[in-house]
Amino acid sequence: MKNKNIDKKFTALALAGLLTFSASGCDSVELASDKTDMDVMSTQKYSEDNDLSKGVVQEKGVIGEDFKLIIKYSCDEGSDWRVTDTKRLNIEIKTSGLQDDLEVYIDNIHTDTSIVSDKVLYSGILQDTMDDRIHNSLMLGFPISDTIAYYGVNIIEGQNSEFIEGWSYGYNGYNGYNGSVETKRRKESEFLENGVWANQMDSVIDLIIVDKNTNEMRTVSVFSNLLIEVNHRITFIEEENYVTYEYDRNGNKTKVDECPVLKKEK
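A closer look at the overall build of the protein
Then, in step 1: Counting its regular elements, the protein contains three helices and 15 strands.
Then, in step 2: Put simply, the protein has 266 residues, and 40% of those count as buried.
Then, in step 3: Here the analysis covers contacts within the protein between residues at least 6 apart in sequence; of these, 62% occur between residues at least 24 apart.
Then, in step 4: By element, 50% of the accessible surface of the protein is carried by carbon and sulfur atoms, the whole surface being about 16,400 Å².

Here you go:
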């Protein structure tokens with residue numbers, strides 16, 4: 001037969017421990033929205049299997065039309081995609097299945113670039129924005145077809161003033177509000193330590209469609225997005241050695257390489 005007094009004492013102690021853990025235990029971390037449904041492009045140049053020139057190719061439907069839009073994203077060979085550095089993304093756009101009686105022009109391409117982290121505090125911060133449209137009055141826009149493509153280059157800044165100010169905050173991320181707003185440039189490792197693992201590219205492509213039989217014109221927008229993995233390896237100088245660490249998406253780092261610093265002879 002069980003001792004009821006012992007059971008009551010044990011229950012009281014367990015409940016007290018649970019309340020204490022809930023009140024002063026580990027802090028919860030709000031997670032960012034899931035991105036698993038988006039195309040991901042890797043730019044890790046140290047990966048032998050990664051051909052940066054192949055990039056990512058998307059096929060997008062055009063509302064009200066029978067043809068498709070083919071969008072290819074790629075990076076130059078040897079590019080090194082880092083949050084804090086200037087980055088270059090190539091984009092190629094053409095049609096597929098365009099009817100002979102139609103002409104298609106790109107009126108404007110608007111692209112927003114933001115950083116992506118598994119932690120909500122560091123995710124969704126706008127890093128750069130770009131618009132590209134025809135720069136003369138002789139053409140409706142950039143002509144595209146099944147055989148004619150638009151080739152564009154998106155230059156993304158590392159840390160401009162808007163990016164630095166855009167995610168400054170009075171909350172220090174750990175101990176609550178500190179009563180001040182912090183504005184400063186941050187090191188690449190700080191982003192990786194806080195779960196930043198990609199840039200998100202969100203583009204709106206505005207098309208002008210011309211019916212050659214009637215000269216009727218109509219416009220339609222096509223949306224495209226993409227995740228580009230940042231290089232998650234950082235090299236430090238530690239005890240007169242170059243030490244390279246690789247970060248995972250939780251901010252943990254693992255040593256992957258080490259070599260001595262070559263000193264100059266006096």
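Here the narrative resumes, following the displayed structure.
Quick look at the pairing of strand β4 (residues 87-96)
Then, in step 1: Relative to β4, strand β3 (residues 68-74) is paired through seven bridges, and the arrangement is antiparallel. In the sheet register, Leu69 faces β4, and the bridge partner there is Thr95.
Then, in step 2: Pairing between β4 and strand β8 (residues 150-156): seven bridges, direction antiparallel. Looking at the pairing, Leu89 lines up with Asn154 of β8.

Quick notes on the pairing of β3
Then, in step 1: Taken across its seven residues, β3 has five buried, putting it largely inside the fold.
Then, in step 2: Two elements, strand β2 (residues 56-61) and β3, share six bridges in a ladder whose sense is antiparallel. Among the inter-strand pairings, Val57 is bridged to a residue of β3, identified as Lys72.

Points about the nonpolar core
Then, in step 1: Formed by 42 residues in total, the largest nonpolar core has its most connected members in Leu69, Ile93, Ile106 and Leu207.
Then, in step 2: Every residue in contact with Leu69, bar those within four places of it in the chain, is listed here: Gln58, Glu59, Lys60, Val62, Ile93, Lys94, Thr95, Ile144, Ile205, Leu207 and Val222.
Then, in step 3: Ranked by size, the runner-up nonpolar core spans five residues in total, among them Met38, Val116, Trp197 and Leu227.

Notes on the sheet that holds β2
Then, in step 1: Reading across the sheet, the four strands line up as β2-β3-β4-β8 and stay open at both edges, with antiparallel pairing between neighbours. Edge positions in the sheet fall to β2 and β8, since each has one partner strand and no second. Going from strand to strand, the sheet's axes swing by 25 degrees on average, the running direction of each strand aside.

Some details on the pattern of salt bridges
Then, in step 1: With the rule as written, the count across this model stands at eight salt bridges.
Then, in step 2: Taking the shortest distance from any N to any O, the salt bridge between Glu216 and Arg218 comes out at 3.4 Å.
Then, in step 3: Residues participating in the shared-partner salt-bridge network are Glu65, Glu216 and Arg218.

Observations concerning the environment of Met139
Then, in step 1: Note that Met139 resides in the loop between β6 (126-133) and β7 (142-144).
Then, in step 2: With 32 residues separating them in the primary sequence, Met139 and Asp107 have C-alpha atoms 9.8 Å apart.

A word on the sheet that holds strand β15 (residues 253-260)
Then, in step 1: Strand order in this open sheet of three strands is β13-β14-β15, and the pairing throughout is antiparallel. Sheet topology places β13 (233-238) and β15 at the edges, where each strand pairs with a single neighbour. Taken over all neighbouring pairs, the strand axes of this sheet differ in orientation by 25 degrees on average, direction set aside.
Then, in step 2: Bridging between β13 and strand β14 (residues 241-247) involves six bridges; their strand directions are antiparallel. Following the sheet pairing, Thr235 is matched in β14 by Thr244.

So, the confidence of the model for the protein
Then, in step 1: Taken residue by residue, the protein gives an average pLDDT of 80. The fraction at 70 or more is 72%.
Then, in step 2: Within the protein, helix α1 (residues 4-24) has the poorest average pLDDT of any element, 42, and β7 the best, 97.
Then, in step 3: Note that residues 1-25 has pLDDT below 50 and, in this model, three contacts with residues that lie over four places away or in other chains.
Then, in step 4: Counting contacts from residues 170-181, a segment whose pLDDT is below 50, to residues more than four positions away or on other chains yields 15 contacts.

Let's talk about the packing of aromatic side chains
Then, in step 1: Tallied over the full model, the rule gives three aromatic pairs.
Then, in step 2: Taking the centre distance of 6.4 Å and the plane angle of 85 degrees together, the rings of Tyr122 and Phe191 count as edge-to-face. Remark: Phe191 occurs in helix α3 (residues 188-193) and Tyr122 occurs in the loop between β5 (102-117) and β6; sequence separation between them is 69 residues.
Then, in step 3: Judged by centre distance (5.9 Å) and plane angle (65 degrees), the ring pair of Phe236 and Tyr245 falls under edge-to-face.
Then, in step 4: Judged by its relative accessible area of 24%, Phe236 falls in the partly exposed class.
Then, in step 5: In this structure Tyr245 comes out as buried when scored by relative accessible area, which is 11%.
Then, in step 6: The ring centre of Trp81 lies 5.9 Å from the NZ or CZ of Lys87, which sits over that ring.
Then, in step 7: Seen from the ring of Trp197, Arg249 lies directly overhead, with NZ or CZ sitting 3.9 Å from the centre.

Rules of the game
- Note on numbering: residues in each chain are counted from 1, in written sequence order.
- Residues qualify for local features only when their pLDDT is at least 70, as the model is predicted, and side-chain atom pairs are given and counted only at 80 or more; totals for whole chains, interfaces and linings, by contrast, use all residues.
- Only heavy atoms go into the side-chain values, all of them from the structure, while hydrogens and water stay out.
- The way it works is that DSSP assigns letters per residue, a run of H or I at least four long becomes a helix, a run of E at least two long becomes a strand, and they are numbered from the N terminus.
- Relative accessibility thresholds used throughout: buried, under 20% of the residue-type maximum; exposed, over 50%; partly exposed, between the two (1.4 Å probe, protein chains only).
- Residues count as neighbours in contact if any of their non-hydrogen atoms are within 4.5 Å of one another.
- For the accessible areas, the method is Shrake-Rupley and the probe is 1.4 Å, while residue cover comes only from the protein chains on display.
- Note: two strands are recorded as paired if DSSP finds a minimum of 2 bridges between them.
- By nonpolar core is meant a set of buried Ala, Val, Leu, Ile, Met, Phe, Trp, Tyr and Cys residues that side-chain atoms within 4.5 Å join together.
- Orientation is described by lines fitted to C-alpha atoms, with helices fitted over the stretch in contact, and by angles between N-to-C directions that extend from 0 to 180 degrees.
- Throughout this description, the term salt bridge denotes a Lys or Arg side-chain nitrogen within 4 Å of a carboxyl oxygen of Asp or Glu.
- pLDDT measures the predictor's confidence residue by residue and takes values from 0 up to 100.
- Any Phe, Tyr or Trp ring, taking Trp's six-membered ring, that has another such ring centre within 6.5 Å forms a pair; planes under 30 degrees apart are called stacked, those over 60 apart edge-to-face, and the others tilted.
- As a reminder, the over-ring test applies to NZ of lysine and CZ of arginine, requiring each to be within 6 Å of the ring centre and within 35 degrees of the ring normal.

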